[in-house]
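What the coordinates show
Below, each chain spelled out in residue letters.
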Amino acid sequence: MTKKVNLAEYNKELEQNLEEIFKNDQFKHLLDVIATRHNYSLGNMLKIIQQKPDIKMIRSYDNWKKIGRQVKKGETGLEILVPTFRNEEVTKVDETGFPLYDVKGQPITEKKKVLRGFVTGKVFDISQTIGKEVPSLKQFIQEEMKNENNVKELYDRFLGYLKEKSNETDLPVKEEEHTGEKYGGYYDKRNHEIIINTETAKSPMQKFRVLIHEYAHAQLHHIDSELKDLERGHKEAQADSCAYIVNKYFGLDTEESTVGYIASWAKDLRIAKKAISEVQEVSMTIIDEINEAQMDRINQFYKEHDPSKVKEELEKKGVKIEPETKLQLLDMKNGFIISGQIEKRESDEVEYFRTNKNRIIPLDELIQDYEVINNQLEIEKILSVKENLKNSNFEIIVNGNNSRSLKRDFKTLKEATQYINRIGISQSLNQESMRKKENKTLKPQEEKLLSKRIGKYFGDHNFCADYEGNISIGWHIMKNPDIKTKQEFKRDIQNLKQHLVTTKRLLNAINQAEKNSMMCELER
């Protein structure tokens with residue numbers, strides 16, 4: 001249900017949200033969100049951040065449906081403010097502001113849209129939807145920018161674009177070697193030109209970054225601009241913020257600078273609101289212009305993008321993408337297993353992965369965020385530890401045709417090995433959850449494997465609890481990653497509320513396991 005919000009209420013809420021951003025040191029996060037290129041006002045950006053800080057892609061319910069995605073059942077929309085207008089008949093004026101009259105001397109009128117106020121509306125993040133994969137132009141561009149040659153090509157293309165544009169705006173860009181000078185470049189306001197100092201900015205990446213910063217100055221602080229006489233700190237903060245947003249969008253390194261001056265904006269929210277709105281507008285324009293310089297490649301990306309290629313890539317790995325195919329996903333970042341199966345939605349025949357916890361994961365995320373592994377394989381057979389001599393640490397490698405490492409490093413071999421053991425426990429527990437869903441229990445060999453994995457994790461090769469005990473101990477380990485030994489496990493249980501059934505179950509399980517270990521030792 002929508003509700004009316006007047007302009008005064010809108011401005012009050014905007015300033016409150018902006019105040020929260022400064023109070024909680026979230027200015028950089030605000031720039032990160034602006035860099036996602038959502039076409040919303042600053043007020044709505046701030047409002048969305050307060051509700052969902054980790055937004056990726058925002059659209060209305062109807063706009064998601066248009067591109068083949070559906071909002072998940074039970075999801076709550078993010079509230080935004082939608083402007084409403086009324087038509088008013090006003091006197092027409094010329095470019096100087098003087099009213100226009102007809103031959104009879106009567107004022108000429110025209111109908112004009114006038115802001116009336118705001119009503120609340122709802123939007124949804126892509127994480128709140130399921131359906132057809134959405135081609136990610138931003139991701140494509142960021143992958144391209146990892147190659148130095150591509151950065152050089154884009155820099156040259158953007159220079160060419162600005163050279164063509166300079167016929168209209170007369171903004172030349174010159175590369176000059178200023179020996180002994182430390183600056184990367186500057187914008188010459190008097191001559192309206194950009195100088196890039198090749199003494200400091202040597203690589204294409206450095207030149208590109210300097211060009212973006214100085215081009216922001218040229219757009220914001222040229223000689224005819226109302227902002228030209230602002231304090232130097234204010235102007236640098238705006239140019240740095242613009243450069244940060246543009247660099248973030250293109251996946252280039254970002255530098256935090258002029259934070260001290262940005263902090264001073266918090267003292268005057270009126271100035272902050274105006275400064276950030278200008279930053280948002282200019283940074284979006286620069287991104288559009290850079291993309292214009294590489295439009296042929298962007299068009300090629302959309303031409304080549306086909307959701308079926310995601311399916312093909314998975315099938316090359318031996319993963320069948322058809323309804324009821326059971327899979328295991330290795331979470332590369334957090335190091336645990338997710339079990340589930342492929343399903344197809346009848347409404348649009350889109351295939352997706354449903355976990356045993358009823359979570360929906362689009363197929364493209366299976367490639368981006370997970371390693372898909374055969375449901376029958378033991379995780380220990382596809383993971384190995386590799387020493388990284390360069391960084392003096394250890395990595396966990398997922399073996400296969402395209403071996404890649406888990407997204408974390410380990411200081412010792414023991415730490416890395418124990419991490420694999422923990423993933424193994426996760427795999428057994430997920431198998432148990434899947435069996436439970438089918439009203440079954442783990443097979444005897446699977447039950448023994450879980451017991452063996454917990455024993456390896458604790459460094460106790462005689463470890464053996466009963467079926468329910470293994471399940472309880474295993475889940476407690478997964479929920480408490482800081483527990484590394486049996487002694488730590490027991491200490492942790494002592495800190496729990498002793499009257500709870502779950503605590504008693506854990507105590508019985510670990511005591512039974514210790515008795516079994518002692519019996520095995522005596523039999524030896």
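Residues numbered from 1 in each chain as written. Predicted model: local features only at pLDDT ≥ 70, side-chain atom pairs only at ≥ 80, totals over all residues. Heavy atoms only, no water.

In the structure shown here, the tally under the stated rule is twelve salt bridges. For Lys 274, the salt bridge identified is with Glu 278, shortest N-O distance 3.1 Å. Placement of both Lys 274 and Glu 278 in helix α10 (residues 269–293) is noted, with a separation of four residues, approximately one turn of the helix. Classification of Lys 274 as partly exposed rests on a relative accessible area of 45%. When its relative accessible area of 14% is taken as the criterion, Glu 278 is described as buried. (Salt bridge = Lys/Arg side-chain N within 4 Å of Asp/Glu carboxyl O. Helix = DSSP H or I, 4+ residues; strand = E, 2+ residues; numbered from the N terminus. Buried < 20%, exposed > 50% of the residue type's maximum accessible area, 1.4 Å probe, protein only.)

What follows covers the nonpolar core. If you look at the biggest cluster of nonpolar residues, it comprises 63 residues, and the most contacted ones within it are Phe 208, Phe 250, Ile 276 and Ile 290. It is α10 that provides the largest number of residues to this core, a total of ten residues. Look past the residues within four positions of Ile 276 in its chain and what remains in contact with it is Leu 18, Phe 22, Phe 27, Leu 30, Ile 34, Leu 42 and Trp 265. Judged by nonpolar contacts, the second largest core, of 21 residues, contains Phe 458, Ile 477, Met 478 and Ile 510. (Core = buried A, V, L, I, M, F, W, Y, C linked by side-chain atoms within 4.5 Å. Contact = heavy atoms within 4.5 Å.)

Think of a pair of aromatic rings as described by two things: how far the centres are apart, and how the planes are tilted against each other in angle. As enumerated under the stated definition, the model contains nine aromatic pairs in all. Arranged with centres 5.8 Å apart and planes meeting at 85°, the rings of Phe 158 and Tyr 215 form a pair that is edge-to-face. You can see Phe 158 sitting in helix α6 (residues 148–169) and its partner Tyr 215 sitting in helix α7 (residues 204–220), a full 57 residues away along the chain. In terms of burial, Phe 158 and Tyr 215 fall into one category: buried. What links up through ring pairs into an aromatic cluster is the set Tyr 457, Phe 458, Phe 463 and Phe 489. Over the aromatic face of Trp 64 sits the side chain of Arg 59, whose NZ or CZ is 5.3 Å from the ring centroid. (Phe/Tyr/Trp six-rings, centres within 6.5 Å; stacked < 30°, edge-to-face > 60°. Lys NZ or Arg CZ within 6 Å of the ring centre and 35° of its normal.)

Phi is positive for His 192, close to 50°, though the residue is something other than glycine. Mapped onto the fold, His 192 is located in the loop between β8 (185–188) and β9 (193–197).

Read from one edge to the other, the open sheet built from three strands follows the order β7-β9-β8, with strand pairing classed as mixed. Edge strands, defined here as strands with exactly one partner in the open sheet, are β7 (173–176) and β8. Each adjacent strand pair in this sheet contributes to an overall mean axis angle of 20°, direction not counted. Of the strand pairs in this sheet, β8 and β9 are connected by four bridges, and their pairing is antiparallel. Counterpart to Tyr 187 in the pairing with β9 is Ile 194. (Pairing = 2+ DSSP bridges. Axes fitted to C-alpha atoms, helices over the stretch in contact; angles between N-to-C directions.)

This paragraph deals with the sheet that holds strand β14 (residues 370–373). On the basis of which strands lie adjacent, the open sheet formed by five strands has the order β13-β12-β11-β10-β14 and antiparallel pairing. Sheet topology places β13 (360–362) and β14 at the edges, where each strand pairs with a single neighbour. Between one strand and the next, the sheet's axes are offset by a mean angle of 40°, whatever the strand orientation. Here strand β10 (residues 326–331) pairs with β14 via four bridges, running antiparallel.

A word on the packing of α7 against α10. Packed helices, taken two at a time, are described by the angle between their axes plus the distance between the axes. At a minimum axis distance of 10 Å, the contact between α7 and α10 shows a crossing angle of 125°. Put simply, α7 runs oblique to α10. Crossing handedness for the pair α7 and α10: right-handed. Here Phe 208, Ile 212, Tyr 215, Ala 216, Gln 219 and Leu 220 of α7 come into contact with α10, specifically with Glu 278, Val 282, Ile 286, Glu 289 and Ile 290. Across the contact of α7 with α10, the residue classes tally to eight nonpolar, one polar and two charged. (Parallel < 35°, antiparallel > 145°, perpendicular 65-115°, else oblique. Left-handed = near helix turned anticlockwise from the far one by under 90°. Nonpolar A, V, L, I, M, F, W, Y, C, P; charged D, E, K, R; others polar.)

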